[in-house]
Amino acid sequence: MDCCDYKIYDRNKLDHCPHCNTAGEKVKDETVTSLIITDSVIHNDNSYYLCLSSDCDVAYFDNNNTIIPISKLKVPIWFKKNSTPKYMCYCSKVTEDEVIDAIFNKNCRTVKDIVDKTNAMNISNCIENSPTGKCCSRQINDLISKLIDC
Ligand SMILES: [Zn+2]
């Protein structure tokens, strides 16, 4: 699965959120178009960024200071505060609580274990389903490392 290749996660393409000034992550127009509720306007020049601040209500922004707030999206963004449910895998609708349960109660120690026990990544269409447009394996891996190492 190409989408699971960590190297495609491009940290160089950063710009800053006009609302909170946090560095954003470049996302594809396809992702924004797919997740935005239909009455919202979108232009097409592949210039959107995801605001990575948990405290900020901005989901996406572009270089022209266009802002798409989280209230205009069909799904909550897991790392934004008060988001419910917190999806880890958007494609298969697996939540952070289910992954934590699998780690502590089902002895899952790897992303593959999690996939086996929760059906995460069973369906894989990250470009249209995930707010980052990228595979959730990195988030799941980070969560395993965080919970097992400490
Ligand atoms: Zn922001």
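Just so you know, these numbers come straight off a predicted model, no measurement behind them. (Residues numbered from 1 in each chain as written. Predicted model: local features only at pLDDT ≥ 70, side-chain atom pairs only at ≥ 80, totals over all residues.)

Help me understand the overall build of the protein chain, please; the structure alone is not making it clear to me.
Per the secondary structure count, the protein chain includes five helices and six strands. Ordered by position from N to C terminus, the α and β elements of the protein chain give β-α-β-β-β-β-β-α-α-α-α. Among the 150 residues that make up the protein chain, the fraction classed as buried is 32%. Considering only residue pairs separated by 6 or more positions, the protein chain has 56% of its internal contacts joining residues 24 or more positions apart. (Helix = DSSP H or I, 4+ residues; strand = E, 2+ residues; numbered from the N terminus. Buried ≥ 20, exposed ≤ 12 C-beta atoms within 10 Å, placed from the backbone. Contact = placed C-beta atoms within 7 Å.)

Even after reading the chapter, I still don't get the environment of Asp113, so can you show me in this structure?
Positionally, Asp113 belongs in helix H3 (residues 111-118). In this structure Asp113 comes out as partly exposed when scored by C-beta crowding, with 16 C-beta atoms within 10 Å. Sequence separation between Asp113 and Ala102 is 11 residues, and the spatial gap between their C-alpha atoms is 8.4 Å.

Just checking my understanding: could you explain H3 for this structure?
The α-helix winds at 3.6 residues per turn, so residues separated by three or four positions along the chain end up facing the same way. Among all positions of H3, only Val111, Ile114 and Thr118 are buried. Across the axial projection of H3, the buried residues extend over an arc of 55°, all falling on one side. Phi turns positive, to about 65°, at Asn119, one or two residues after H3. (Arc of directions from axis to C-beta.)

Help me understand the pairing of strand E3 (residues 58-61) in this model?
As a general feature of sheets, a regular strand has side chains that alternate between the two faces. Summarising the sheet, strand E2 (residues 49-51) and E3 pair through two bridges and their orientation is antiparallel. Along E3, the bridge assignment pairs Leu50 with Tyr60. The antiparallel pairing of E2 with E3 creates a hairpin that spans six residues between the two strands. With three bridges connecting them, E3 and strand E4 (residues 67-69) associate as antiparallel partners. (Pairing = 2+ DSSP bridges.)

Teacher, can you tell me more about the sheet that holds E2 here?
The strands making up a sheet associate through backbone hydrogen bonding, with each pair oriented either parallel or antiparallel. Read across the open sheet, the four strands follow the order E1-E2-E3-E4; overall the sheet is antiparallel. At either end of the open sheet lies a strand with only one pairing partner, and these are strand E1 (24-26) and E4. Adjacent strand axes in the sheet meet at a mean angle of 25° when their direction is disregarded. With three bridges connecting them, E1 and E2 associate as antiparallel partners. Its bridge partner being in E2, Glu25 is matched across the sheet by Leu50. (Axes fitted to C-alpha atoms, helices over the stretch in contact; angles between N-to-C directions.)

Which parts of the structure should I look at to understand the nonpolar core?
One finds Tyr60, Met88, Cys89, Ala120, Cys136 and Ile140 to be the most contacted residues of the largest nonpolar core, which totals 35 residues. Element by element, the count of residues in this core is highest for E3, at four residues. Contact partners of Met88, with chain neighbours within four places excluded, come to Trp78, Val94, Thr95, Glu96, Val99, Ala120, Cys136, Gln139 and Ile140. (Core = buried A, V, L, I, M, F, W, Y, C linked by C-beta atoms within 7 Å.)

Any chance you could explain unusual backbone geometry here in plain terms?
Of note, the bond from Thr84 into Pro85 is cis; its omega dihedral lies within 30 degrees of zero at -10°. If you check the backbone angles, Asn119 has positive phi at about 65° while not being a glycine. Among the structural elements, Asn119 can be located in the loop between H3 and helix H4 (126-129). The class of Asn119 is partly exposed, set by 14 C-beta atoms lying within 10 Å. Even without being a glycine, Met121 presents a positive backbone phi close to 60°. Relative to the helices and strands, Met121 resides in the loop between H3 and H4.

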